[in-house]
6 protein chains.
Amino acid sequence: MTASPWLKRVVAAALEEDLGRGDITSEACVAADVRAVGEIVAKAKGVLAGMEAAAEVACQVHEAICIEPLKSNGDPVEPGDVVARVAGPGRAVLAFERTALNFLQQLSGVATLTRAFVEQVAGTKAVVVDTRKTVPGMRMLQKAAVVAGGGHNHRFGLYDAILIKDNHIRLAGGVAQALERVRAGAPFAAKIEIEVSTPADAELAADLGADIIMLDNMGPEAVRESLARIKGRALTELSGGVRLDTIRERAELGVDLISVGALTHSAPALDLSLEITEWTR
Amino acid sequence: MTASPWLKRVVAAALEEDLGRGDITSEACVAADVRAVGEIVAKAKGVLAGMEAAAEVACQVHEAICIEPLKSNGDPVEPGDVVARVAGPGRAVLAFERTALNFLQQLSGVATLTRAFVEQVAGTKAVVVDTRKTVPGMRMLQKAAVVAGGGHNHRFGLYDAILIKDNHIRLAGGVAQALERVRAGAPFAAKIEIEVSTPADAELAADLGADIIMLDNMGPEAVRESLARIKGRALTELSGGVRLDTIRERAELGVDLISVGALTHSAPALDLSLEITEWTR
Amino acid sequence: MTASPWLKRVVAAALEEDLGRGDITSEACVAADVRAVGEIVAKAKGVLAGMEAAAEVACQVHEAICIEPLKSNGDPVEPGDVVARVAGPGRAVLAFERTALNFLQQLSGVATLTRAFVEQVAGTKAVVVDTRKTVPGMRMLQKAAVVAGGGHNHRFGLYDAILIKDNHIRLAGGVAQALERVRAGAPFAAKIEIEVSTPADAELAADLGADIIMLDNMGPEAVRESLARIKGRALTELSGGVRLDTIRERAELGVDLISVGALTHSAPALDLSLEITEWTR
Amino acid sequence: MTASPWLKRVVAAALEEDLGRGDITSEACVAADVRAVGEIVAKAKGVLAGMEAAAEVACQVHEAICIEPLKSNGDPVEPGDVVARVAGPGRAVLAFERTALNFLQQLSGVATLTRAFVEQVAGTKAVVVDTRKTVPGMRMLQKAAVVAGGGHNHRFGLYDAILIKDNHIRLAGGVAQALERVRAGAPFAAKIEIEVSTPADAELAADLGADIIMLDNMGPEAVRESLARIKGRALTELSGGVRLDTIRERAELGVDLISVGALTHSAPALDLSLEITEWTR
Amino acid sequence: MTASPWLKRVVAAALEEDLGRGDITSEACVAADVRAVGEIVAKAKGVLAGMEAAAEVACQVHEAICIEPLKSNGDPVEPGDVVARVAGPGRAVLAFERTALNFLQQLSGVATLTRAFVEQVAGTKAVVVDTRKTVPGMRMLQKAAVVAGGGHNHRFGLYDAILIKDNHIRLAGGVAQALERVRAGAPFAAKIEIEVSTPADAELAADLGADIIMLDNMGPEAVRESLARIKGRALTELSGGVRLDTIRERAELGVDLISVGALTHSAPALDLSLEITEWTR
Amino acid sequence: MTASPWLKRVVAAALEEDLGRGDITSEACVAADVRAVGEIVAKAKGVLAGMEAAAEVACQVHEAICIEPLKSNGDPVEPGDVVARVAGPGRAVLAFERTALNFLQQLSGVATLTRAFVEQVAGTKAVVVDTRKTVPGMRMLQKAAVVAGGGHNHRFGLYDAILIKDNHIRLAGGVAQALERVRAGAPFAAKIEIEVSTPADAELAADLGADIIMLDNMGPEAVRESLARIKGRALTELSGGVRLDTIRERAELGVDLISVGALTHSAPALDLSLEITEWTR
């Protein structure tokens, strides 16, 4: 498909916050007819993501910019790798630079961190999934970057899946009440997930027909007991404070899914830069 | 002023990506007339930022939500500190939760990291400044978070200050050509900054009347020599790969400004959560 | 919650297409200080829907219009029933009239038709559900009107549930291939529905773990055989050319869901009008 | 002209409500490189309308979709007629399907119903015209569909013609007062129409120079007397509860225009479907 | 009504182009809690217009700004007259200042120039009307300013009245062909105006039933002859190069309308300023 | 670059206010397949500006319109000069006409008036600069037109430069307080300008390090004394009531900049028209 409306909007907003009324430096010091070729180069090891956003930036900045991707989302990159090449009017290439790099750095950072978590659980049945703890405005792109890194997506928002959390349970009056209400009132096409914090509640949730049970902030013993009580009647998701150095032992407990907020809220940027390699005056 | 148009747009976009057609969980399991009071609680030590965004989220989610800030942007927080209290219809509080926290966590992360850098340079004349390496769509808020953390803002975009970088110099034909063109063509109300990588270019830039000279990726010796050649004729900005453990020695070289991209592109989120403390059914 | 962003947008678009640069008739013949009270009156028997849209129209037309609903969405109405009362500046009441009525008539038409279908299946286990065959731009409101009429909502769009239809099966290479691919690649939080047209495919879909099986355009015998082969392993949805006079016999076959496109694409408007009952000059 | 801004907006809104963050079924079960050709086929007899909207849907869904119309707006169609052919990436064709059909079905429904009314008045001087009783957001397209069906358009909104209705007359203080005010204050380029319910008022309106006189909900005798009193000094429009089986006798009374709200508020959809006829994997 | 959508949009665009990311001067030098009262003062003699725009600027800049109009649109003003008083947070009053004045100066300029033309034709039957030669984006407000100055509005755009101009006549093949086509195809609720440049064409237009005939760029003799041939069968509009010192003699020829493009394309601004008269620190 | 987002928005708004639902005259009297070629011709002597806006109008009106500029922004034009040629569907050329001309006339008016001021100061060191007294919505284009006329741009809005005006000084408590606060709190990349009205304040401002000093509404003696006291330590800007017949003597006082609000708030339109020269039926 052509760039989806939300990608167009995200990119337009990013460009507008950077360009405002125009790039007064380039207008003053780069002649209008200078043409330039630039390379986007990785300065660190990681996993690439965000190429669709970089391409849309090029597309919106100038009709005459040509961008040739040399790597794809999900590809590993090493320092020095040329990730893409852009060519076009010099002023346009300079206007493209920062906004495109900002997308690529943030999203490759997400993909790189995801890949690190995914590698830790290799060989277990656990799948690494993201959360709704995303940077405002960037959710769709961050979720795509999680996939590029080898992770899976949890729901995209409050609208596309049921997840009964502690605060819902409180307001509904308990696990049983919450699940009963949801089974009565939720759209029939939605799966039902519930967050529990004790093995007893985990068993209750399974008894009441939850499709997915999130074991929230439980220690290893409680997780094991919960799995034993659920007996495969629901998918299980482990959640809460999972770190790179702890995910493997969690995965070996036998859960289906492990969700990690840090993938999207705390991924450091992957260093990339744009170097102009050829130009004509 | 009322929420600025860009704050309204950023918050609206964030809410829309989370809420979509509505929160199907709350609609199914929380009765429409339940009212709730919640507390936003810090789970880690840091510096608060983003309260204006959280307030705007409340404002857009429901007219009957009341948010009472107990801390202000720039305040230090400790684990357990209640940062704000929200009260309103239970469903609205739940819809508010994730989007408000996402803003607070990201922006408090920026303020916290900035504060760490600023504390390192205490007692020197150096000022910590941000860059345009921001998360797309979040620039205005991130720059406000840098200020909350004690840093200063560099330009907001390509439109509000002149900064001649390596790629401009390349396309213009050299430092002298770039500076001459800019002095002829740039708006008279804009200061002129130029990025240089050798002491010779730093001196040339000062000779040609640059207002600010950025010493990019220079070693300590080169910085010292540059300062000696510039002789106070321009503000000096040190830039490139500055880390928490290296900023102090850089600052002691005597530069005016040190810019740190990581403040906005790699700040880990500050952990905060919303706990519902009272409710009526 | 306050009017959701999409409701605000739908109402704004409707008002703009009617008002354009202003109501030149009222401006010419109604003095600016005339105040008026009007009643929205049902002219036919049916079920009310769309009051939230009418209220939003009032809200956007003039800050001083006051609308008092006397009936709620889902209420039955008889000819002569006063459904709501509006009061405010005369010109504003006149500008409100047509757009508010257009929403109420269309949506009450949907609720009325839905109620008629729902009454036909009373006593069976079948539930009447809507489709994506909606009037462009009105989907959210039409789906709410279906609920007001006693029906249930199927998915809201292509984004919030899996439904493998004939064209997907064709492009995927068959029922088995389609289901396998979807089970591998779809979000784990989404239920999987598939459309089949033979009992053999129905059984195959159940064998492969489909959550919901749509029996499309099947005769009674084929439906019965499909149900026998599915053996309760999935929800069943009957679809295709269901009419008011045929839905009962379909429901008695024992399916869980019956979807009816006509609810939203062919509901005749419910007749309502606005009569000004008091005014001051 | 290129698609007008309002057509672009209407189509964008329709696509967004259906696609949201994407078509999760096609993404999961149709490979990205599958190409498909589909045919839009009429399943019932009627009159085509909405091809410009379907083309705009194609245009917005994917740059590589090609749509070839085989029928034009206003053409009669029979069951089995292929109305258009689309070709492009398989996922894009599937995303195009429902939204394009929703436009075509609704608008062809309007054109088909209009044609039925127009055929009833053949041979009389009466012209069938639409009203402002349209589905919110669809007015421009519905009015184009009325023309495709052989009808004529009344005003497009409150802004482009004067029509003094019963509520205006009430607030203005009577027929004479309303007409006098309008003649004094209305734009000189606008024709003046007034709604009357008695022959006496019809004559008064003609005496006061109304350009068009709407005879609202009058019986045949009253219409005849009104025409006799107006004596050709104004165009006459008959309005109110006109049905397919009553329009002919109304037309034979000799009025110039007959307006029918049902054309746009109660037209049942014309059945059309998209069948994929060729594909490559 | 509340501010119409287009007024909100025009004001929002104007504020955004002035405020951008914020008023960096006030933020730096005016404390956040300073309150101020300012007066908008006329510095020249003229006619006021644009108060609705100034009020909307206040409304959008800050919820706590209070604006009290002391003069209304259409009122004459003398140098020193206080036109409105604003009170609120000092920073907000400063942000309000320039954008509000820009609206008031431009629109009062239009009203002032219109009044001058209107006074010239006093006592004749001629009415001064505007054209579509407006400043892009300002048409609605400029047309309201023309009315404030005592002029009348011609059509608002290409959509709300028929005006056949020289280029249409050329493309249609002549006056007769153009008029015949328009009578056949135009909406029945629209009046038909045609531009002619000879008395013969004026007569032809009247013969063919034009409602309004524009005599374009004709000398006095040709105007007189045209009026004689039209014989009151249509409204007459004189157009083309009419100046303040020539409009009277044109009016005395007996035409109904005289259109003047300069009202909206060349009105010099009326000088107004905002003076802060009280403040608290 | 491609048309910047704000240019697209300004042009879209202008087209929408003129076209609304469409050009009912052309649709009625020009056949859909007529093609036309038109010339935009200058009817007066002046300086051209606004060609980028006219091109964008063409682009938005119809994909098949071709516009060939024969003059560029900044070029002098004489009556009769053909400024651009357009070719395309006849209806599209007619829809293009008025909106394109409105941009060209307004902006060429600004360029023409600017050129007149600039010619007056030839040979002095003074530069003519614009102000923020622009027509709402047109600022970017008007500032480009000032440059086309040979003037220079002052700041674009409140966001991109510091200018402390009389009202700020009042609220800050005096010239010294205002300057001190600004030096402490303003972005380091922004130059600081201050408005003063006495030579003493001018000297104080220079002492306190202002980068630019605006001498507001001072007589020649006061200007001379101010310059003597400033001693070249800051750029000087003369402002206030400068007219074409007084600017030369002001310039000869030796100031660097002279700002003229009339350039953008009171420039009369340059007369241009579109003539259709060829067409095919």
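Throughout, residues of each chain are indexed from 1 in the direction in which the sequence is written. All chains are assigned letters beginning with A, and all ligands numbers beginning with 1, in the order in which they are written. At least 70 in pLDDT is required for a residue's local features to be given in this predicted model, at least 80 for side-chain atom pairs to be given and counted, and no such filter applies to totals for whole chains, interfaces and linings, which use all residues. Excluded from the side-chain calculation are hydrogens and water; included are all heavy atoms of the structure.

**With respect to the overall build of chain A**
Segments assigned H or I by DSSP are reported as helices when at least four residues long, segments assigned E as strands when at least two residues long, and all are numbered from the N terminus. The secondary structure content of chain A amounts to eleven helices and twelve strands. Relative accessibility under 20% of the residue-type maximum defines a buried residue, over 50% an exposed one, and the middle range a partly exposed one, all with a 1.4 Å probe and only protein chains included. Across the 281 residues that make up chain A, the buried fraction comes to 61%. Contacts were defined at the residue level, with two residues in contact if any of their heavy atoms lie within 4.5 Å. Restricting the contact set of chain A to residue pairs at least 6 apart, pairs at least 24 apart contribute 70%. A total of about 9700 Å² of accessible surface is found on chain A, and carbon and sulfur atoms cover 51% of it. Note that accessible areas follow from Shrake-Rupley with a 1.4 Å probe, and for residues the cover is restricted to the protein chains shown.

**So, the interface of chain C and chain E**
Contacts between the two partners involve ten residues from chain C, matched on the other side by nine residues from chain E. In this description, buried area is defined as the sum, over both parts, of the accessible area (probe of 1.4 Å) that is lost when the two are combined. Buried surface at the junction of chain C and chain E, summed over both partners, amounts to about 760 Å²; 56% is from carbon and sulfur atoms. Contact with chain E buries area across many residues of chain C, yet Glu-16, Arg-21 and His-62 of chain C alone supply 65% of it, more than any other trio. Any carboxyl oxygen of Asp or Glu within 4 Å of a side-chain nitrogen of Lys or Arg constitutes a salt bridge here. For the interface between chain C and chain E, the tally reads two salt bridges. Between Arg-9 of chain E and Glu-16 of chain C there is a salt bridge, and its shortest N-O distance comes to 2.6 Å. Pairs of N or O atoms are called polar contacts if they sit within 3.5 Å, as long as, within protein, a hydrogen donor faces a hydrogen acceptor (for residues adjacent in sequence, only side-chain-to-side-chain pairs). Viewed at the interface, chain E and chain C are joined by two residue pairs in polar contact (both at pLDDT 80 or more). Looking at the side of chain C that touches chain E, the elements that each hand over two or more residues are α3 (51-61) and α4 (90-120) of chain C. Here the side of chain C that touches chain E gets three residues from one element, more than from any other, and that element is α4 of chain C. Put simply, Ala, Val, Leu, Ile, Met, Phe, Trp, Tyr, Cys and Pro go in the nonpolar bin, Asp, Glu, Lys and Arg in the charged bin, and everything else, Gly too, in the polar bin. Classifying every residue of the side of chain C that touches chain E by side-chain character gives three nonpolar, three polar and four charged.

**Here's the deal with the relation of the copies chain C and chain E**
Between chain C and chain E, which share one sequence, the superposing operator has a rotation angle of 120° and an axial displacement of 0.0 Å; the RMSD is 0.0 Å. One copy is carried onto the other by what is essentially a three-fold rotation axis. Rotation axis and chain C: the residue whose C-alpha lies nearest the axis is Arg-9 of chain C, separated from it by 8.2 Å. Here the copies were fitted onto each other by least squares, based on C-alpha atoms from residues at pLDDT of at least 70 in both.

**Quick look at the environment of Ala-49 of chain F**
Residue and element names in this part refer to chain F. Structurally, Ala-49 can be placed in the loop between β2 (46-47) and α3 (51-61). Classification of Ala-49 as buried rests on a relative accessible area of 1%. When the C-alpha atoms of Ala-49 and Leu-104 are compared, they prove to be 6.2 Å apart, with 55 residues separating the residues in sequence. What Ala-49 contacts, discounting residues up to four positions off in sequence, is Asn-73, Leu-104, Leu-107, Ser-108, Ala-111, Ala-145 and Ala-148.

**Considering the domain arrangement of chain A**
Residue and element names in this part refer to chain A. Note that domain bounds follow an automatic or database assignment of domains. The domain architecture assigned to chain A consists of domain 1 (5-112 + 268-280) and domain 2 (118-265). Opposite the 15 residues of domain 1 that make contact, domain 2 presents 13 residues. Contact between domain 1 and domain 2 buries roughly 990 Å² in total, counting both sides, with carbon and sulfur atoms accounting for 77%. Per-residue buried area on domain 1 facing domain 2 is highest for Trp-6, Leu-107 and Val-110; these three make up 48% of the total on that side. Counting across the domain 1 and domain 2 interface gives zero salt bridges.

**A few points about the relation of the copies chain B and chain A**
It takes a turn of 180° to lay chain B on chain A, together with a shift of 0.0 Å along the axis; the resulting RMSD is 0.0 Å. On the angle and the small slide along the axis, the relation comes out as a two-fold axis. When the interface residues of chain B are mapped onto chain A, 99% of them again fall at the interface, so both copies present the same face.

**As for the interface of chain B and chain A**
Contact residues are listed per partner, giving 67 residues for chain B and 66 residues for chain A. Each partner contributes to the roughly 5600 Å² buried at the junction of chain B and chain A, and carbon and sulfur atoms together form 59% of this total. For chain B, the biggest contributors to the area lost against chain A are Glu-17, Leu-158 and Leu-171 of chain B; these three give 15% of the whole. At the surface where chain B touches chain A, the tally comes to four salt bridges. Arg-139 of chain A serves as the salt-bridge partner of Asp-18 of chain B, at 2.5 Å between the closest nitrogen and oxygen. Where chain B packs against chain A, one counts 36 residue pairs in polar contact (both at pLDDT 80 or more). Elements represented by at least two residues in the side of chain B that touches chain A include exactly α1 (5-19), α2 (24-29), α4 (90-120), α5 (139-148), β7 (162-164), α6 (166-172), α7 (175-185) and β12 (272-280) of chain B. The class makeup of the residues in the side of chain B that touches chain A is 36 nonpolar, 16 polar and 15 charged.

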